[in-house]
Every structure is written in C-alpha cells, then in structure tokens.
Amino acid sequence: GASLAELLVSQGWRLVLLNRSAKRTQPLVSKLLTIDADIQCDVIETDLSDHASLQAAATQVTEHYGAVDALFNNAGVLRGDMVLSANENELHFEVNTLAPYLLTRALSTALRNAAEVRGRAVVVTPSTSAIKMVKALDIATLRRGSKGGLTGAYAQTKLAWAVLNEYLAEEYREEGIELFAVDPGINRTGMTTSSGAPLPVRLIWRLLPKPSAGAARLAAVLDEKWRGRSGTLLLGGKPKPIPSHAATPQTAMELLSIIEEAASGDASATVAPKDNLT
C-alpha cells in the first residue's frame, strides 16, 4: 500500500488513504511530501473489517470529494488462524471479499461521477496466483473459514472476489466503472512474513522483489490500453481465466447471497472468541 501510494503520487494523483490509524499513516504522508511537496493527501481513519466504519468513510469521501477516479482495495488479510471480525464474519472473508464489495458499492456514486467526466473510473483489487491451487470454491464455509494459510481461507476468499469482480464488471460496464483483479506477485511485505505465509516464502523473504514491483502491477491497469477490458483477472501480469469450477453464473449468485447475508449482520457462525481479535 505504501509503495502504491508513492507510485501514484509520483504520477500526480491526489490521494485519500483509508487506514485504521491516522497516526500510523503519518510517516507515509511525510514521505509522500518528499516526492511532491504540493501533494494533496488526506487520511480517513477506517476499519475495513467494520461495516459502520467503512460506510462512514465512503460517505465522507463522496460528500467531500464528489468523484473518485480510481479505487484500490489494497487491504488484505493472510493469517495462519481463524478469527472473527466485529461483524461476526471470519476475518479473511471480511477483508478480502466483503470489504471490496461493500466499498465498491458504497463509492459507486463517486466512481460514476468520475466516469461521467473522464469516461472511465477504475476499481483495482489485489488477487493471487494461489487461487489456481483451489480445487473447489467452498462457498458454504466462506463466512466461518476452514483453515488459515495461503492455500486455505486466503486463496478461497481471493477466488471468491475474482468471481465477484467479473460479475460486477458486467453490472457496471455501461456506467464506465471498470473492475480489475490483479495479482501483485509475492513481494517483500509484512504479509509475506505473517503466520499465514508458507515457511519457504518466509525463509527467502529478503530475496523477494521489493513492494514497488507489486505496486507497479496494480497501477498498470490505469493505463489506457486496459480501457474496455473490465472484469479482467491478471495473474503474473497476464490476463487469465477464472478457474473453470468457479466460473459459473450459479457460483456468482450463491456468492452474492452469502455476501448480502454477511453484510446484513445475520451471523450464525462461531470461529473464535471476539477477544482473540487483533
């Protein structure tokens, strides 16, 4: 996220950063000012695992700025264990699948306003090549999770988003809002040192590409050459199809049903006590 912000600032973008702590974001803002002393960068404290916080942030953005040219749903969770969000949803599902959906919906007016002026607004959500390791998308366990780790809840929830990304792309196409799911690759970030990252990845962490490599992949779809290619899933920098077992209209409909149920706060799953949340 920090590398992406630096790249966008260097390209002249005005930024609004949604982060859990304005204080912890300040060092990044200070660094951005060294790139461009005239940068316009605002910070809104937002917990993307909390629906009320997410909606309040989206409302503030829409009312204050009016238009959003690009939305990067860059927050992600990769853990080795299962914990619940404040909304009683398993945290991987809450942040990796539900939050991008809710934030895209909540900012749709601002995105539409930008598209009306510029002809295009873009929504970018990180994906992962780990979705190719998922043998079956287990929709029934998304809200409570099955197991942690890269090939567990992380890959499941990222695959779920890839399906939703393609579905929403069709819905928003005529409004000029374009959606992309982009794999930034395995980079030298905090996520790749987490308990959910495979041990081999953690052992070679210092040899991994810098975060700027992943940031460049995420920002690449802002280029005009990607105009009109909404719904694209990019893995390894190249367009790839969603795994065939998940690329069905029925899968999308079942996912939407789970999403709407989770968004409504109708929770029945129990994974871990709330006081285990971090």
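Structural data are supplied above this passage.
This is a predicted model, so every value here is computed, not measured. (Residues numbered from 1 in each chain as written. Predicted model: local features only at pLDDT ≥ 70, side-chain atom pairs only at ≥ 80, totals over all residues. Heavy atoms only, no water.)

*Asks:* So what about the environment of N89? Which residues, and what values?
*Replies:* With respect to the helices and strands, the residue N89 is situated in the loop between strand 3 (70–72) and helix 4 (91–106). The class for N89 is buried, based on a relative accessible area of 0%. Excluding its chain neighbours within four sequence positions, the residues that come into contact with N89 are H51, V83, L84, E94, L98, R143 and A262. Separated by 2.9 Å, the side chains of N89 and E94 make a polar contact. (Helix = DSSP H or I, 4+ residues; strand = E, 2+ residues; numbered from the N terminus. Buried < 20%, exposed > 50% of the residue type's maximum accessible area, 1.4 Å probe, protein only. Contact = heavy atoms within 4.5 Å. Polar contact = N/O pair within 3.5 Å; in protein donor to acceptor, adjacent residues only side chain to side chain.)

*Asks:* Could you give an account of unusual backbone geometry, with specific residues and numbers?
*Replies:* Positive phi, normally seen in glycine, also occurs at E88, with a value near 70°. Residue position: E88 is located in the loop between strand 3 and helix 4. The exposure class of E88 is partly exposed, given its relative accessible area of 23%.

*Asks:* Give me the lowdown on the sheet that holds strand 5 (residues 177–182), citing residues and values where you can.
*Replies:* Here we have five strands laid out as an open sheet, ordered 3-4-5-6-7, and mixed in their pairing. Sheet topology places strand 3 and strand 7 (238–240) at the edges, where each strand pairs with a single neighbour. Between one strand axis and the next, the sheet turns by 30° as a mean value, whatever way the strands run. Here three bridges tie strand 6 (residues 232–235) to strand 7, and the two strands are oriented antiparallel to one another. Note that in strand 7 the partner of L234 across the bridge is P239. (Pairing = 2+ DSSP bridges. Axes fitted to C-alpha atoms, helices over the stretch in contact; angles between N-to-C directions.)

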